[in-house]
Amino acid sequence: AQSVTQPDIHITVSEGASLELRCNYSYGATPYLFWYVQSPGQGLQLLLKYFSGDTLVQGIKGFEAEFKRSQSSFNLRKPSVHWSDAAEYFCAVGPSSYMEYGNKLVFGAGTILRVKS
Amino acid sequence: GAGVSQTPSNKVTEKGKYVELRCDPISGHTALYWYRQSLGQGPEFLIYFQGTGAADDSGLPNDRFFAVRPEGSVSTLKIQRTERGDSAVYLCASSLIGGTVPKEQYFGPGTRLTVT
């Protein structure tokens, strides 16, 4: 069965500092991987996704993530955090086999990012 | 354009009552998903529709939960004999389908259900 682990429940970084949020997955084949962000009262917004090809993927809002098959990881990074990045971040995995009928996602428990000025 | 909308945004009900949660997907999106997000957890898959039919309902926790999408657009999640453990945020998402890679799921803001 697929599973996603986000080891850090909370992370606090200073504004302008770099950020790395960890994500490890368990899946039998190469998965499709996603990072979503959820701000209070808002729906989940997709930051970036990895399907295949270049293992370093760029997303919106200056975020990037790197797929490392050997470590079963898909960590999210940002070189300089802004106060508006404070939110909860979810890593998710979806099946990589060809699916004609959609793609249910398995989410991690989330990491809450706090930004201090 | 309009995103996924969900109504109501908040619902408080008494234990044992019946509730209906509504989802309006993005126009033209054939796929519709329901997820449940309990406090401190990530969203958990409940059911997936392709068009009017439920293609995968493996995430529904028990037979008190039921969902419909009669015209292939709006969907209603129905919960009978609610229990305090049903309290959570219920998220709806929609997407296009087809091709060889998954299509992005667009999420609504959710309905916060509180069972007292």
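Everything that follows concerns the structure shown earlier in this document.
None of these values were measured; they are calculated from a predicted model.

Calculation rules
Residues numbered from 1 in each chain as written. Chains lettered and ligands numbered in written order. Predicted model: local features only at pLDDT ≥ 70, side-chain atom pairs only at ≥ 80, totals over all residues. Heavy atoms only, no water. Buried < 20%, exposed > 50% of the residue type's maximum accessible area, 1.4 Å probe, protein only. Helix = DSSP H or I, 4+ residues; strand = E, 2+ residues; numbered from the N terminus. Pairing = 2+ DSSP bridges. Contact = heavy atoms within 4.5 Å. Buried area = accessible area lost by both parts, 1.4 Å probe. Salt bridge = Lys/Arg side-chain N within 4 Å of Asp/Glu carboxyl O. Polar contact = N/O pair within 3.5 Å; in protein donor to acceptor, adjacent residues only side chain to side chain. Nonpolar A, V, L, I, M, F, W, Y, C, P; charged D, E, K, R; others polar. Phe/Tyr/Trp six-rings, centres within 6.5 Å; stacked < 30°, edge-to-face > 60°. Axes fitted to C-alpha atoms, helices over the stretch in contact; angles between N-to-C directions.

Draft legend 1. Spotlight on the pairing of strand 4 (residues 31-37) of chain B. All names here are of chain B. Burial runs high along strand 4: seven of the seven residues are buried. Both faces of strand 4 are covered, namely the face carrying Ala-31, Tyr-33, Tyr-35 and Gln-37 and the face carrying Leu-32, Trp-34 and Arg-36. Pairing of strand 4 with strand 5 (residues 44-50), which is carried by six bridges, proceeds in the antiparallel orientation. The residue bridging Tyr-35 from the neighbouring strand is Phe-45, located in strand 5. Following strand 4, the chain reverses through six residues before pairing antiparallel with strand 5; Gly-40 in that reversal takes a positive phi of roughly 80°.

Draft legend 2. Expanded view of the interface of chain B and chain A. Taken together, the 24 residues of chain B in the interface contact 21 residues of chain A. Taken together, the two surfaces of chain B and chain A that pack against each other cover about 1800 Å², and 56% of this comes from carbon and sulfur. Viewed at the interface, chain A and chain B are joined by one salt bridge. Its salt-bridge partner being Lys-104 of chain A, residue Asp-56 of chain B comes within 3.3 Å of it at the nearest N-O pair. The interface formed by chain B and chain A includes four residue pairs in polar contact (both at pLDDT 80 or more). Secondary structure elements with two or more residues in the side of chain B that touches chain A: strand 4 and strand 5 of chain B. Of the residues in the side of chain B that touches chain A, the class split is eleven nonpolar, eleven polar and two charged.

Draft legend 3. Structural context of the environment of Ser-58 of chain B. As for its position among the elements, Ser-58 of chain B is in the loop between strand 6 (53-56) and strand 7 (65-68). Its relative accessible area of 51% is what places Ser-58 of chain B among the exposed residues. Residues Ser-58 of chain B and Leu-46 of chain B, spaced twelve residues apart in sequence, show a C-alpha to C-alpha distance of 6.8 Å. Contacts of Ser-58 of chain B, omitting those with residues within four sequence positions, involve Lys-104 of chain A together with Phe-45 and Leu-46 of chain B. Of note is the side chain of Ser-58 of chain B, whose polar atom sits 2.7 Å from the side chain of Asp-56 of chain B.

Draft legend 4. Highlighting the packing of aromatic side chains. Scanning the model with the defined rule gives 16 aromatic pairs over all chains in all. Taken together, a centroid distance of 6.0 Å and an interplanar angle of 75° make the contact between Tyr-35 of chain B and Phe-45 of chain B edge-to-face. Pair noted here: Tyr-35 of chain B is in strand 4 and Phe-45 of chain B is in strand 5, with a separation of ten residues, a long-range link. Accessibility classification places Tyr-35 of chain B together with Phe-45 of chain B in one group, the buried group. An aromatic cluster of three or more residues is present, and its members are Tyr-32, Phe-34, Tyr-36, Phe-51, Phe-90 and Phe-107 of chain A together with Tyr-33, Tyr-35, Phe-45, Tyr-48 and Phe-107 of chain B.

Draft legend 5. Representation of the environment of Asp-56 of chain B within the structure. Examined against the element boundaries, Asp-56 of chain B turns out to sit in strand 6. Overall, the relative accessible area of 21% leaves Asp-56 of chain B in the partly exposed class. Between the C-alpha atom of Asp-56 of chain B and that of Phe-66 of chain B, which follows or precedes it by ten residues, the distance is 12 Å. Residues in contact with Asp-56 of chain B, not counting those within four places in the same chain, are Lys-104 of chain A together with Phe-45, Leu-46, Ile-47 and Tyr-48 of chain B. There is a polar contact of 3.3 Å between the side chain of Asp-56 of chain B and the side chain of Lys-104 of chain A.

Draft legend 6. How the structure looks around the sheet that holds strand 3 (residues 19-24) of chain B. Residue and element names in this part refer to chain B. The antiparallel open sheet is built from four strands, whose spatial order is 1-3-8-7. At either end of the open sheet lies a strand with only one pairing partner, and these are strand 1 (5-7) and strand 7. Sheet twist, expressed as the mean angle between neighbouring strand axes with direction ignored, is 15°. When strand 7 meets strand 8 (residues 75-79), the two strands line up antiparallel, connected through four bridges. Bridging across to strand 8, Phe-66 finds its partner in Lys-78.

Draft legend 7. Examining the side chain of Gln-105 of chain B more closely. Positionally, Gln-105 of chain B belongs in the loop between strand 9 (88-95) and strand 10 (106-107). Among the polar contacts made by the side chain of Gln-105 of chain B, one reaches the side chain of Tyr-35 of chain B at a distance of 2.9 Å. Those residues in contact with Gln-105 of chain B that lie beyond four places of it in its chain are Tyr-36, Asn-103, Lys-104 and Leu-105 of chain A together with Tyr-33, Tyr-35, Ala-93, Ser-94 and Ser-95 of chain B.

By themselves, these figures tell us nothing about what the structure is for.
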